[in-house]
Structures are given as structure tokens and as C-alpha cells.
Amino acid sequence: MIESKQALRALYPAAKERSVRKQMASLDRHCVRFIELSPFLVLASGNKEGLFDASPRGGEPGFVKAPDKATLLIPDAPGNNRLDTLENILSTGRIGLLFLIPGVDETLRVNGRARLANEGSLLEHFRNEKRVPRIAIEVKVEDVYLHCAKALMRSKLWDASLQVKRSVLPTMGQMLNEQTGIQSLPESQEQMVERYKTEL
């Protein structure tokens, strides 16, 4: 078992200078452009008890706003009302983000402090969206950097020929019926998708 940083580092060469220097304290024009093109991110958070969570967030490209080089605004969209991420932010005020762009193998990583904002002046950034959010997650950027393409290249994530047919899994409803023991009304995958569309 590896139990020390020294033992870990003994297994790997030192990071190259460029890999270290790419980490920035604020958004530059390339980061802002990446976020403008991104319709999807993974949001990581944790609470004071050391429990962590990763949550997907999506919208039209540019659904996350960057009002300045030190700030991001993530609209809170309707979901399952568990509020895991939001409660974690209340607990620790820390957040990690991974932005993806379909067809692009590089990703953008952002870490920083977060709070739940409902001020009208901040929600005004979403006035032209389909739905103005109740709250937005305001992120104060502490470090940001581009991540290389290797992981997505290995996974061939954007290769349409490798997409799995939805039919290889039971419907979401069927899986939840089994997992929870709570039986919902029968619903096909197509019916569920149509219902979700009305809730977006």
C-alpha cells in the first residue's frame, strides 16, 4: 500500500514544467471560450464529514456564465430535489468543475469557492434563458487549467460507432423499482424521455 507522498512520487517522474505552469488563478480568453461552447459539466463537492459527490449539469452551450475572469455562475435547474450538491456547498463552500465539449477531447478543470446566490443582480445574467433559476451557484475561481485529451481518447467517448443502445439496460423506472421497492406506474424509456423534456 502507498501511504506517503514520498512513496507515491517514487513511482512517477516529476511533472513537466508546462503541466505545472498551465494552472492559472483566473480565467483567460481560452477558458472563457471553452465554457461558452460547453453544454455539460461534472460538479464535484463534499461536506465537512468527508462525504463527496459528483453531479452532472447540462444546458445549452454557454449555460454557465462568466461575468468576469474570477467568477462563474451555474444556474440550478429542476431536478430530483435531493439537493446533495447545494447542501455540500452550504457545508464547505468548496467546488470542483470539469467542463466538456462534444467532439473535443480536451477538458477544462476549475476549482474554487462557491456560494448559493439568489440576488437579482446575479440571476439577471439568465434573463434570456428559457427559465430563470431560483438560485445560481456562484464560483470564485481559485485555479483553472486545461486537461489533456488522453482520457477521452482512450475511452473514444465521442465515437458514434461505439455508442451503446439504450435497450441494453432496463428503463430507469424498472431499475428504481427494483432498487427502492417502490413501484411506479409502468413507463417506457420513450415515455420517460418525453416526460423529462417537459421538465427541462
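Further up the page is the structure itself.
Reading the values: rules and limits
- Residues numbered from 1 in each chain as written.
- Predicted model: local features only at pLDDT ≥ 70, side-chain atom pairs only at ≥ 80, totals over all residues.
- Heavy atoms only, no water.
- Salt bridge = Lys/Arg side-chain N within 4 Å of Asp/Glu carboxyl O.
- Helix = DSSP H or I, 4+ residues; strand = E, 2+ residues; numbered from the N terminus.
- Buried < 20%, exposed > 50% of the residue type's maximum accessible area, 1.4 Å probe, protein only.
- Contact = heavy atoms within 4.5 Å.

Undergrad: Can you help me understand the pattern of salt bridges in this one?
TA: A side chain of one charge can pair with a side chain of the opposite charge if their charged atoms are brought near each other. Taken as a whole and assessed by the stated rule, the structure comprises nine salt bridges. A salt bridge links R33 to E36; its shortest N-O distance comes to 3.5 Å. Residue R33 and its partner E36 are located together in helix α3 (residues 29–37), separated by three residues, close to a single helical turn. Ionic pairing is found between R82 and D84, a salt bridge with its closest N-O pair at 2.8 Å. For R82, a relative accessible area of 55% gives the class exposed. On the basis of relative accessible area, D84 is assigned to the partly exposed category, the value being 28%. Within the structure, one salt-bridge network assembled from shared partners comprises R115, E119 and E138.

Undergrad: Could you clarify how one ought to interpret the side chain of N177 in this entry?
TA: Position of N177 among the secondary structure elements: in helix α7 (residues 172–180). Beyond its immediate stretch of four places on either side in the chain, N177 contacts I182, Q183 and S184.

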